[in-house]
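# Summary of structural features
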Amino acid sequence: LFPILIQSQKITYEEILKKDIFRKANSLETDVNFKKAQSFYLKKNWDSTLVYSMKCLNSRPKTELTDYCHLFRGVSFRELNLFKEAKKELLLVSTNFPNYDFIYISLGSVCLELGEFDKAIFFYQKADSYSKKDPNNSDINIVYENLGVCYLHLKQFEKAENYFFKFKEIKEKEKDTINLFLVYTNIANLYYEQYKDLQAIPYFEKAYALSHKVKDFDLKRKATINMAAVEENRENFKQALVYRKEFEKWNDSLNNQNKIWA
């Protein structure tokens, strides 16, 4: 299982943060390093973001820009899969930062990647409490989903189930195909890990059916390999082979896509 960041159709704090960063850069015409750092951050050029945010930190005394630079560095390290470094930078952002619930969510995702599940739960619960102050915050979705993942890793199945079903209800109302695929897969794994095959298999099947409605080769690949495993465990080897061949097709498509992007 992997932590899943939710893209909501509502205004998210990441979008609000981008607008805030843009305004901040425009108000500081003379700070070249910060302007370059924020520009590269918004373009998702993580290496250049790290370079210019460090130059900004080294060139001026501690100000409100310091928090933004540590945020830039924390997110950049996270996107580069350097999670320990990301955690260090995010913890340097002061609690006076105007969008600190974004920091809590980011710290939760980093700790989840590091396998520090109790710490991830702590930060997600902080984000949950903080976000209730703002009715426009839809990032609560990520809190429910990833709290479920944390509790699943900790074998606290009832808590995991509670959060997964909260997330499922939200996504079913929104008719969000991709995120429904993800939560159905998580619920299936939740039951499968408890040997509740009769409850797990229908969710694997729902996820597989939804995978036909998306263009994401990675999701298609995960759906088919899960179905192959289910059929193998049921000793239905002929059907398992069918899914295995389909998995190989999507896996080849994903590899080809990655080569093109590279």
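As the structure is a prediction and not an experimental result, all values here were calculated from the model.

Cut-offs and rules
Residues numbered from 1 in each chain as written. Predicted model: local features only at pLDDT ≥ 70, side-chain atom pairs only at ≥ 80, totals over all residues. Heavy atoms only, no water. Helix = DSSP H or I, 4+ residues; strand = E, 2+ residues; numbered from the N terminus. Contact = heavy atoms within 4.5 Å. Phe/Tyr/Trp six-rings, centres within 6.5 Å; stacked < 30°, edge-to-face > 60°. Buried < 20%, exposed > 50% of the residue type's maximum accessible area, 1.4 Å probe, protein only. Lys NZ or Arg CZ within 6 Å of the ring centre and 35° of its normal.

## Considering the environment of Phe 40
Relative to the assigned elements, Phe 40 resides in helix H2 (residues 32-42). With 13 residues separating them in the primary sequence, Phe 40 and Ser 53 have C-alpha atoms 9.7 Å apart. Every residue in contact with Phe 40, bar those within four places of it in the chain, is listed here: Asn 45, Ser 48, Thr 49 and Tyr 52.

## Observations concerning the packing of aromatic side chains
On inspection of all chains with the given rule, the structure shows 16 aromatic pairs. Both rings, one in Tyr 100 and one in Tyr 104, keep their centres 4.8 Å apart while their planes meet at 90°; by these two values the pair is edge-to-face. In this pair, Tyr 100 and Tyr 104 are both assigned in helix H6 (residues 100-113), 4 residues apart and thus about one turn of the helix distant. Comparing Tyr 100 with Tyr 104 shows no difference in burial state: the two are buried. The structure contains a cluster of three or more aromatic residues connected by ring pairs, namely Phe 34, Tyr 41, Trp 46, Tyr 68, Phe 72 and Phe 97. Sitting over the ring of Tyr 184, Lys 206 keeps its end group 5.4 Å from the ring centre. Here the basic side chain of Lys 220 rests over the ring of Trp 250, its NZ or CZ set 4.8 Å away from the ring centre.

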